[in-house]
Amino acid sequence: MADAMREGTARGAGLAEILRDAGLYALVTLGLCIPIVSYRTDLSQTSALDLTPRWGVVAGLCGAIFALRLVQRMVLLRRDARRALTPAPRQATEAVDATPNAGQRISGLALPLFLGAALALPLVAALASGGLGPARYWIDLGILILTYVMLGWGLNIVVGLAGLLDLGYVAFYAVGAYTYALLATTFGLSFWLCLPLAGLAAALWGMLLGFPVLRLRGDYLAIVTLAFGEIIRLVLINWVDLTGGSAGISSIPRATFFGIPFTAGPNGFAATFGLSFDAMHRNVFLYYLILALALITNGVTLRLRRLPIGRAWEALREDEIACRSLGINTTTTKLTAFALGAMFGGFAGSFFAVRQGFISPESFNFLESAIILAIVVLGGMGSQVGVAVAAIAMVGGPELLRNLGFLKAVFGEGFDPNEYRLLLFGLAMVAMMVWRPRGLISVRMPSVALTQRRGVSGALVREGHG
């Protein structure tokens, strides 16, 4: 009886402390909102500034912060209690159950669901919008998301599997785009011939980057790859005779359906297949083209992960010294990771050039590398499904916010979520480091299993740094 009373008293004290902590967060939010959010300046008919009070918004923000902090503390308290009941590895007297939980089992179905939704998107968008023309916004958004999914999967080879922190991945994206643009505009080569050449050119530059950084790790590797990305961008700006400098390259030939152009003439795509001409046929073709390229990237990555080279990448990520002691050639392992990751970046760059019809160095700045790396980190390094989910959230999220009309009623008519994109990235990174430090999908499937294949929690896998 006394033990029960003491336990109840301890729980009450803990709940009171949690409520005090959440109230303190709400109070700090109130202090920040009073000078920033509580009043909005509006231009009156007499060209004077009027102060419109918004105490309802302030109260809503304070309440939201109070509720979120309360939920966070409760989740952390439950996690600590669960950890206290789990024996430490050196104290365990019996095997700890490593069976994947429900979330880990559901993640195995995510890729087929993603593929089904991606295949049906143009059809669903056309039916919902009343035709291909009105559905152009959603198809173009799907193309943009799939481009970042492909880039994230390419970088996932370098960062997630091999553990090599690369901050200059956008350089290979630029090499692929400029390779296609120069070959198509100068020599008149088709997209289907330039696509593998762009990938090979990017892979070559990936190997050239890999040689100088063979002995570098961690922050030093990140600094060198960041410098490499900036060097490529500056070369594109200053080599005016070849790249056109800041003016870029325009009038890049468009892709054809294996030689059939998307034109209204008798030899066009619509006339060849007996369809009525619609300019959206090209956009739908580009959508399925980038979807095919992304699926090829995913398939090759999953296949390579099960091969000796893939297991060598993961061994390098876990411990480079132990990797060398096992007789693995770390030089070849690092170079193949850089080259293959760069090759897929080159493919994506070639697609970007053929879709835009114009490229310039401003399209390949450091922000693009940061976005791609953030997608890999938020999704879960080494997780293909996590990268796809993170790309949808980070690229499609601001577009979704733009279509929410009530946000303009709250923040004003001039509110544009894209202006707060970096702020949203920062908040997402902070939230992930607090609640999901291993990413959205932290479960790993082992490359080799003796009996039954089981998902391995990300907490049991070390994240290498090159």
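Quick notes on the rules
All residue numbers refer to position in the chain's written sequence, counted from 1. Since the coordinates come from a predicted model, pLDDT governs what is reported: local features require at least 70, and pairs of side-chain atoms require 80 or more to be given and counted, while whole-chain, interface and lining totals use all residues. For side-chain calculations, the full set of non-hydrogen atoms in the structure is used, while hydrogens and water are omitted. Per the convention used, a helix needs a DSSP run of H or I reaching at least four residues, while a strand needs a run of E reaching at least two, with both numbered from the N terminus. When a residue's accessible area, from a 1.4 Å probe over protein chains only, is under 20% of the maximum for its type it is buried; when over 50% it is exposed; and in between it is partly exposed. Note on contacts: a residue pair qualifies if any of its non-hydrogen atoms lie within 4.5 Å across the two residues. What counts as a salt bridge is simple: a side-chain nitrogen of Lys or Arg found within 4 Å of a carboxyl oxygen of Asp or Glu. For each structure, a 1 Å grid was placed over the protein atoms alone; sets of points admitting a 1.4 Å probe that cannot get out are labelled cavities, open sets with protein on both sides within 12 Å along at least five of seven lines are labelled pockets, and lining residues have an atom within 4 Å of a point. Grid points are joined across faces, edges and corners, and a volume is the space filled by probe spheres set on the points. Any residue that is not Ala, Val, Leu, Ile, Met, Phe, Trp, Tyr, Cys, Pro, Asp, Glu, Lys or Arg is counted as polar, Gly included; the first ten are nonpolar and the last four charged. For our purposes a nonpolar core is just a set of buried Ala, Val, Leu, Ile, Met, Phe, Trp, Tyr and Cys residues, chained together by side-chain atoms within 4.5 Å. To get an axis, fit a line to the C-alpha atoms, keeping to the stretch in contact for a helix; angles then go from 0 to 180 degrees between the N-to-C directions. Just so you know how the angles are binned, under 35 degrees is roughly parallel, over 145 roughly antiparallel, 65 to 115 roughly perpendicular, and the rest oblique. Within 6.5 Å between ring centres, the rings of Phe, Tyr and Trp (the latter by its six-membered ring) count as paired, and their orientation is classed by plane angle as stacked under 30 degrees, edge-to-face over 60, tilted in between. Any cysteine sulfur atom paired with another within 2.5 Å is treated as part of a disulfide. Helix crossings get a hand from a simple test, with the near helix turned counterclockwise from the far one by less than a right angle marking a left-handed crossing and a clockwise turn marking a right-handed one. Within 3.5 Å is the distance limit for a polar contact, defined as a pair of N or O atoms, with the added protein rule that one can donate a hydrogen and the other accept it, and that residues adjacent in sequence qualify only through two side-chain atoms.

Draft legend 1. Focus on the overall build of the protein chain. Of the regular secondary structure elements, the protein chain holds 18 helices and two strands. Among the 466 residues that make up the protein chain, the fraction classed as buried is 42%. Of the contacts made within the protein chain by residues no fewer than 6 positions apart, 70% connect residues no fewer than 24 positions apart.

Draft legend 2. Up close: the pattern of salt bridges. Applying the stated rule across the entire model yields nine salt bridges. The closest approach of N and O atoms between R73 and E17, which form a salt bridge, is 2.8 Å. Of this pair, R73 sits in helix 2 (residues 55-85) while E17 sits in helix 1 (residues 2-36), placing them 56 residues apart in sequence. Taking relative accessible area as the criterion, R73 reaches 19% and is therefore assigned buried. You can call E17 partly exposed: its relative accessible area is 34%. The salt bridge partner of E318 is R317, with a shortest N-O separation of 2.9 Å. The exposure class of E318 is partly exposed, given its relative accessible area of 26%.

Draft legend 3. Quick peek at the environment of L141. Summarising the element assignment, L141 is placed in helix 5 (residues 136-161). C-alpha of L141 to C-alpha of Y287: the two residues are 146 residues apart in sequence and 9.5 Å apart in space.

Draft legend 4. Region of interest: empty space enclosed by the protein. Under the criterion given, the structure shown has one cavity of 30 Å³ or more. The computed volume of the largest cavity comes to approximately 30 Å³. Of all the secondary structure elements, the ones that give two or more residues to the lining of the largest cavity are helix 8 (218-238) and helix 15 (366-379). Looking at the lining of the largest cavity element by element, the count peaks at three residues for helix 8. Class assignment for the residues of the lining of the largest cavity results in five nonpolar, four polar and one charged.

Draft legend 5. Broad picture of the nonpolar core. In this structure, Y148, L155, Y180, F351, I359, F364 and I375 are the most contacted members of the largest nonpolar core, which totals 95 residues. When residues in this core are grouped by element, the largest group, 15 residues, is from helix 5.

Draft legend 6. Structural context of the packing of helix 11 (residues 280-306) against helix 12 (residues 308-318). Between helix 11 and helix 12, whose axes approach to 4 Å, the crossing angle comes to 80 degrees. The angle between helix 11 and helix 12 places the two elements in the roughly perpendicular class. Of helix 12, the residues touching helix 11 (which contributes L304, R305 and R306) are P308, I309, G310, R311, W313 and E314.

Draft legend 7. Structural view of the packing of aromatic side chains. Applying the stated criterion to the full structure yields 22 aromatic pairs. Between the aromatic rings of Y173 and F352, the centroid separation amounts to 5.6 Å while the plane-to-plane angle is 50 degrees, which identifies the pairing as tilted. Pair noted here: Y173 is in helix 6 (residues 170-187) and F352 is in helix 14 (residues 330-356), with a separation of 179 residues, a long-range link. The burial state of Y173 is the same as that of F352; both residues are buried. Plain terms: the ring middles of F262 and F269 are 5.0 Å apart, the flat faces sit at 35 degrees to each other, and that makes the pair tilted. When its relative accessible area of 15% is taken as the criterion, F269 is described as buried. An aromatic cluster is built from Y180, F191, W192, F257, F258, F262, F269, F273 and F285, whose rings are joined through pairwise contacts.

Draft legend 8. Summary view of the state of the cysteines. All told, the structure shown has zero disulfides when counted by the stated rule. This cysteine, C33, is not joined by any disulfide, and C62 carries the nearest cysteine sulfur, 5.2 Å off. Here C33 falls in the buried class, since its relative accessible area comes to 6%. Judged by its relative accessible area of 12%, C62 is buried.

Draft legend 9. The arrangement of the packing of helix 6 against helix 7 (residues 191-210) in detail. Contact pair helix 6 / helix 7: the axes reach a minimum separation of 8 Å and the direction vectors enclose 140 degrees. By the angle class used here, helix 6 and helix 7 are oblique. In the crossing of helix 6 with helix 7, the sense of the turn from one axis to the other is right-handed. Residues F172, V175, G176, T179, Y180, L183 and A184 of helix 6 touch helix 7, and the partners they reach there are F191, C194, L197, A198, A201, A202, W205, G206 and L209. Classifying every residue of the contact of helix 6 with helix 7 by side-chain character gives 13 nonpolar, three polar and no charged.

Draft legend 10. Representation of the side chain of T297 in the model. Here T297 lies in helix 11. Classification of T297 by relative accessible area gives buried; the value is 0%. Within the structure, the side chain of T297 is placed 2.9 Å from the backbone oxygen of L293, a separation counted as a polar contact. Those residues in contact with T297 that lie beyond four places of it in its chain are M150, W153, G154 and F344.

Draft legend 11. Quick look at unusual backbone geometry. Positive phi, close to 55 degrees, is recorded for S251, a residue that is not glycine. For F258, which is not glycine, the phi torsion reads 55 degrees and is therefore positive. You can see F258 is positioned in the loop between helix 9 (240-243) and helix 10 (269-272). According to the relative accessible area criterion, F258 is exposed, its value standing at 59%.

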